[in-house]
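Structural description and commentary
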Amino acid sequence: MSLIPGLKRPFRRVVHGPTIAEDVDAEIAFHLEMRAEQLAAAGLAPAVARAEALKQFGNLDAFTNDCRVISRQRERDMRRFDLMDALRQDLRYAARQLRRSPGFTAVAILLLALGIGATSAIFSVVSALLLRPLPYAHPEQLAMLAEYSARDESAKDGMTTSYANFLDWHAQATSFEGMAVVQEWSPSLSGNGEPERIKAALVYPEMFRVFDARPMLGRGFLPEEAAEGSEIRVVLSHGFWQRRFGGDRAIVGKTIILNARARTVVGVLPAGFRAPPPLDGDLWGNLPFDPSDDCRTCRHLRVFARVKPTVPPARVRAELGAIAARLEAAYPKENAFTRIAFVPLRERVVGRLREPLWLLLGAASLVLLIACANLSNLLIARGVARAREFAIRTALGANRARAVRQLLTESVLLAAVGGAAGLALALLTTRWLAAVGPQAVRAGEVGVDWRVIAFSAALTLVTGLAFGMVPALKAATTDVHEFLKEGARGSTSGGGARLRGALVVSQLAIALTLLVGASLLIKSFARLQRVDPGLRPAGVLTLTISLPSASYPTPESRSAFFTRLIERAEALPGVRSAAATTNIPLSGNMDRVGFGVEGQTYTSDADMPTAERYIVTPGYFATLGIALKSGRLLTPDDRVGRAHVMVVDDALERQLWPGESAVGKRIRGAAGGDSIVSTVVGVVGHVRHYGLEVESGGQLYVPFLARPSSYSNVLVRTAGDPLALASAVRREVRALDPNLPIFDVTSMEQFLDASVAGRRFIMGLLGAFAGVAIVMAAVGLYGVVAYAVSQRTREIGLRMALGAQRSDVTRMVVREGVVLTAVGVAVGLAAATASTRLMASLLYGVSATDPLVMAGVPALLFAVALLATWLPARRAARVDPMVALRSE
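Residues numbered from 1 in each chain as written. Predicted model: local features only at pLDDT ≥ 70, side-chain atom pairs only at ≥ 80, totals over all residues. Heavy atoms only, no water.

1. Side note on the overall build of the protein chain
Note the cut-off: Helix and strand definitions follow DSSP, with helices as H or I runs of at least four residues and strands as E runs of at least two, each counted in order from the N terminus. Only the protein chains shown count as cover for residues, with accessible areas throughout obtained via the Shrake-Rupley method and a probe of 1.4 Å.
Scanning the protein chain from terminus to terminus reveals 27 helices and 24 strands. Here the protein chain displays about 40,300 Å² of accessible surface, and carbon together with sulfur accounts for 59% of that area.

Written as structure tokens, this is what we have:
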């Protein structure tokens, strides 16, 4: 019972949604009554309690405002509750609808899984290589520096410099926090278990400061350890420390045996540190200055640098340009036309994959668009079947917004299931991509992380709204009176037919665009495969050996080892020939030298010709199948102490002595110092050492026995599987020196495959996307024509009852499909002509508007479309007129 007459509890009115003014009055009454009851419970008489409550609520204005805020919050809570309740109802209803149509649901989920899965998988590669920050502190400050000639800017790709020029850069540049030069190093570890070749690098002491790498044990390198005569010390990677030394925390200060020499361990890097190539490896050593490194034209080192955070790239490039100009003026002979390239590390790591990856992401997105168009067509057809349902609901008072919300809920729920399946497919696909992709993809730690999951979730939501919006709006505009008529069953509007036709046209256009791009890449790859590399890679085994200088200090000892090894290898069953060389073709290694031609004068070193130099044993040409053009090949008599000779290729012959034979000509400096003059004794065919698509320069071959190297590659030609011979060759090496590790055991065919791996990767994925797209487009066309036939059954029956032949009906249906295909092909050709120009850099020997491709792909699409149209046309021609008219 209320203590204050006339005041009633407001609950019933609040639940039924009173106005704010009514609710405020109820709140005042309610709180006055509650306060009076509290005072009465405290022992006051009812009248006194009532008077005290009225007194305490004397400031009714403030109290009224508080009540108004409370009332509004209640209204918001009730609306939120109503919305969540309605959403739950929509979800339950949508789930029931999808369960009632298992065939439609399965097809829709498959389409979505393919589209979302493909797009998410490619995005994972794009994220790993292009979007994810490099694993270093402030990676935007990291860059690489290199020398190149102003007369040949393509040489920037080499990204190398000389030690002498690096020291000048380091001393004169003010825009950098740190700068380090790097030399690749492959020492042999012995004395602690099985001998092993170590992937390592010799670095300038500032290297760890450049990458902000702080050793977890010990220290890095000191500045004085770059001075001439300094002992080489080493810092271990965390993984190598764990694998080889069992995580021994007392390793700092101990020595390990590298190339038969004791080297002191001064530090161990943390587990999370990964250096970019060629810095990544098992350990690092300090690089002491060598007086022989004063050669400014000996460009074989890489330079990494960290730019100061406040210095913009334009200022860095201006400063490097000024330094290059000063060095050119100070050393005009060695540094003529020499410039300094400044390349952000991200750009260098990604290399040439940026454009192809964005192309693949766009292609995957187009496949998803086709899937969305297909689903929209399916939902529109399904919506026609459900139009009577929504018409009845509208007639009973339901608003159109509720119908739109219901259909969008079904679309988003369907997309969510398809997105989950697509994410699972993306997880499997990324593992496959990481296993078979080119080196940059395999090294990029491609996988499904939070970025890919967030992208897939957003893509799923957008996809659900994209393919569901048009059918939902179509259903919302349903004419209630039209669909409540008994005769409206099976009718369809002209607007709906036009919309479905437009969706099919878009699918065909997208499919044609993708198919044209894939066809161009396939034709380009086929052209590339027909390029003659200048050698026969089949059946050739390759491996690398590094002789420690302590055990093989003289040229004679190194020459004797490789001579004996080649003899033993050639004696193995099935071996036809064997050889040694400093550089393997197609491996990416290079040794370019400048030289002079006898009888010609040069004003500077920059005017002298250059060529790729390869130091080889006599059996090199026979082992690789390089053809002799004129003169003779190298022989075992071309060794230390004999007359200096060399072999050149026909490209260098044409460059230096056009119209003449190179045999008998003399070259100065290519085989060693400027005083060494070599006579050309033979000319061989040109070899594409950098890849099938790269036009490399002239080549010259110096006798290995005259300049034996401690780091060499062994080549063995066999009649069978070359990799099956690896264990036998390994035994022969062990018989000569049990402490020598063998590494990089592979075959020449694998080198050749690796040189085209990037193109094969892009071509394969784009071809797969194009195949899926054309199948989806054909299914979409078939679905639209088949649906149109089902809706026109009565019309077809009337036509046939009035004398139309089966062939007439077939032509009528096929004609409609051909019209849609023709429009789609026209739109697709226009889009393909514009888009393929963007991929011109990915093509080899093929025009972006190749006539054969531009004619053949539309013909193929027409053939597929005719098949997709003919199937429902054949069914339409078999309609029984009596059955069709009776069913209506």
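2. Re the packing of helix 24 (residues 793-801) against helix 25 (residues 806-836)
For any two helices packed against each other, the geometry is given by the interaxial angle and the distance between the axes. As a reminder of what qualifies: In this analysis, axes come from line fits to C-alpha atoms, helices being fitted only over the stretch in contact, and the angle between any two N-to-C directions falls in the range 0 to 180 degrees. A crossing counts as left-handed when the near helix is turned anticlockwise from the far one by less than a right angle, and as right-handed when that turn is clockwise. Whether two residues touch is decided by their heavy atoms; if any such pair falls within 4.5 Å, the residues are in contact. Lys, Arg, Asp and Glu make up the charged group, whereas Ala, Val, Leu, Ile, Met, Phe, Trp, Tyr, Cys and Pro make up the nonpolar group; the residues left over, Gly among them, are polar.
Two numbers describe how helix 24 lies on helix 25: the axes approach to 10 Å, and their chain directions differ by 145°. In the packing of helix 24 onto helix 25, the handedness of the crossing is right-handed. Along its contact with helix 24, which presents Ile796, Arg799 and Met800, the element helix 25 presents Arg806, Val809 and Met812. Looking at side-chain class alone, the contact of helix 24 with helix 25 contains four nonpolar, no polar and two charged residues.

3. Observations regarding the side chain of Thr338
Along the polypeptide, Thr338 turns up in strand 12 (residues 338-344). Ignoring anything within four residues of it in the chain, the contact list for Thr338 reads Glu147, Tyr148, Arg299 and Ala324.

4. Quick notes on the pairing of strand 21 (residues 677-684)
Looking along a regular strand, one sees side chains alternate from face to face of the sheet. What counts is decided by this rule: When a residue's accessible area, from a 1.4 Å probe over protein chains only, is under 20% of the maximum for its type it is buried; when over 50% it is exposed; and in between it is partly exposed. Paired strands, as defined in this entry, are two strands with at least two bridges between them according to DSSP.
The element strand 21 is extensively covered by neighbouring structure, given that six of its eight residues are classed as buried. Of the strand pairs in this sheet, strand 18 (residues 628-631) and strand 21 are connected by three bridges, and their pairing is antiparallel. Bridged to Ser630 within strand 21 is Val683. Direction of pairing for strand 20 (residues 666-668) relative to strand 21: antiparallel, over a ladder of three bridges. If you follow Arg666 over to strand 21, its bridge partner there is Thr679.

5. Re the environment of Ala569
With respect to the helices and strands, Ala569 occurs in helix 18 (residues 555-570). On the accessibility criterion, Ala569 (2% relative accessible area) is buried. Each C-alpha atom of the pair Ala569 and Arg730 lies 9.7 Å from the other, and the pair is 161 residues apart in sequence. If we skip the residues at most four places from it in the chain, Ala569 touches Val575, Ala578 and Val716.

6. Description of a positive patch on the surface
Inclusion rule: Each patch is assembled from residues with relative accessible area greater than 30% and no salt bridge, linking like charges that lie within 9 Å and nonpolar side chains (Val, Leu, Ile, Met, Phe, Trp, Tyr) that lie within 5 Å. Every case where a carboxyl oxygen of Asp or Glu lies within 4 Å of a side-chain nitrogen of Lys or Arg is listed as a salt bridge. Counted as positive: Lys and Arg. Counted as negative: Asp and Glu, with His and the chain ends omitted from the count. By convention, the charge on Lys lies at NZ, on Arg at CZ, on Asp at CG and on Glu at CD.
Together, Arg92, Arg96, Arg99 and Arg100 make up a region of like positive charge exposed at the surface. By secondary structure assignment, the location of Arg92 is in helix 4 (residues 60-100).

7. Comments concerning the confidence of the model for the protein chain
The test is simple: Per residue, pLDDT captures the predictor's confidence, and it can take any value from 0 to 100.
Residues with a pLDDT of 70 or more make up 81% of the protein chain, whose mean pLDDT is 80. Here helix 1 (residues 11-15) is the element of the protein chain with the lowest mean pLDDT, 37, and strand 7 (residues 234-236) is the one with the highest, 95.

8. Side note on the packing of aromatic side chains
The following threshold applies: Aromatic pairs are defined between Phe, Tyr and Trp rings, using the six-membered ring for Trp, whenever the two ring centres lie within 6.5 Å; interplanar angles under 30 degrees are classed as stacked, those over 60 as edge-to-face, and all others as tilted.
For the structure shown, the criterion picks out 18 aromatic pairs. Ring geometry for Phe123 and Phe455: centres 3.9 Å apart, planes at 5°, overall stacked. Of this pair, Phe123 sits in helix 5 (residues 102-131) while Phe455 is found in helix 15 (residues 450-476), placing the two residues 332 residues apart along the sequence. Among the residues examined, Phe455 registers a relative accessible area of 22% and is labelled partly exposed. Each residue in the set Tyr136, Phe208, Phe211, Phe221, Phe273, Trp284 and Phe304 is aromatic and connected to the rest through ring pairs, giving one cluster.

9. Examining the layout of surface pockets
To keep it simple, the criterion reads: In this analysis the probe radius is 1.4 Å and the grid spacing 1 Å, with only protein atoms considered; a cavity is a set of points the probe fits into but cannot get out of, a pocket is an open set with protein on both sides within 12 Å along at least five of seven lines, and lining residues have an atom within 4 Å of a point. Grid points are joined across faces, edges and corners, and a volume is the space filled by probe spheres set on the points.
Approximately 370 Å³ is the volume attributed to the second largest pocket. Lining the second largest pocket are 18 residues, and of these Asn374, Leu378, Val779, Gly780 and Gly783 lie nearest its centre. Elements that contribute at least two residues to the lining of the second largest pocket include exactly helix 5, helix 11 (354-385) and helix 23 (757-791). Class assignment for the residues of the lining of the second largest pocket results in 13 nonpolar, four polar and one charged.

10. Focus: the pairing of strand 14 (residues 575-581)
Burial analysis of strand 14 places six of its seven residues in the buried class, which makes it a mostly covered element. In terms of strand pairing, strand 14 meets strand 23 (residues 711-718) through six bridges, oriented antiparallel. In the sheet register, Ala579 faces strand 23, and the bridge partner there is Leu715.

11. Topic: the pattern of salt bridges
Two side chains with opposite charge may pair up if their charged atoms get near one another. Enumeration according to the criterion identifies 18 salt bridges in this entry. Between Glu225 and Arg219 there is a salt bridge, and its shortest N-O distance comes to 3.0 Å. Across the pair Glu225 and Arg233 runs a salt bridge, and its minimum N-O distance is 3.6 Å. Here the salt bridges do not stand alone but share partners, grouping Arg219, Glu225, Glu231 and Arg233 into one network.

12. A short note on the side chain of Asn713
We apply this condition: Here a polar contact means two N or O atoms within 3.5 Å. Within protein one must be a hydrogen donor candidate and the other an acceptor candidate, and residues neighboring in sequence count only if both atoms are side-chain atoms.
Assignment of secondary structure puts Asn713 in strand 23. Accessibility expressed as a relative area gives 3% for Asn713, which makes it buried. Among the polar contacts made by the side chain of Asn713, one reaches the side chain of Thr544 at a distance of 2.9 Å. Setting aside residues no more than four positions away along its own chain, Asn713 makes contact with Leu543, Thr544, Ala579, Ala580, Thr581, Thr582, Asn583 and Ile584.

13. Overview of the environment of Phe166
With respect to the helices and strands, Phe166 occurs in helix 6 (residues 163-172). Residue Phe166 is classed as buried on the basis of its relative accessible area of 0%. It is 9.3 Å that separates the C-alpha atoms of Phe166 and Arg296, two residues lying 130 residues apart in sequence. Not counting residues up to four positions away in its chain, the partners in contact with Phe166 are Thr161, Met179, Ala180, Val181, Tyr204 and Val303.

14. Thoughts on helix 26 (residues 851-877)
Convention followed: Take the residue count of a helix, subtract one, and multiply by 1.5 Å to get its expected span. One axis is fitted to the seven residues ending at the residue and one to the seven starting there. The bend at that residue is the angle between these axes.
Compared with the 39 Å implied by 1.5 Å per residue over 27 residues, the 38 Å span of helix 26 between its first and last C-alpha is a close match. Of all the bends in helix 26, the greatest reaches close to 25° and is centred on Trp870; the proline Pro872 follows between one and four positions later. Among the residues making up helix 26, those that are buried are Val853, Met854, Val857, Pro858, Leu861, Ala865, Ala868, Thr869, Pro872, Ala873, Ala876 and Ala877. Where helix 26 starts, the residue carrying a side-chain oxygen 3.3 Å from the main-chain nitrogen of Leu852 turns out to be Asp850.

15. Describing the nonpolar core
As a reminder, the rule being used: In these notes, a set of buried Ala, Val, Leu, Ile, Met, Phe, Trp, Tyr and Cys residues joined through side-chain atoms within 4.5 Å is what counts as a nonpolar core.
Of all hydrophobic cores here, the largest spans 115 residues; its most connected members are Ile122, Tyr620, Phe621, Ile626 and Tyr701. Among the elements that make up this core, the one with the highest residue count is helix 23 (16 residues). If we ignore the near neighbours within four places in the chain, the residues touching Ile626 are Gly534, Leu535, Tyr620, Phe621, Val684, Gly685, Val687 and Tyr701. Counting residues in each nonpolar core, the second largest holds 65 residues, with Leu217, Val265, Ala275 and Leu301 among its members.

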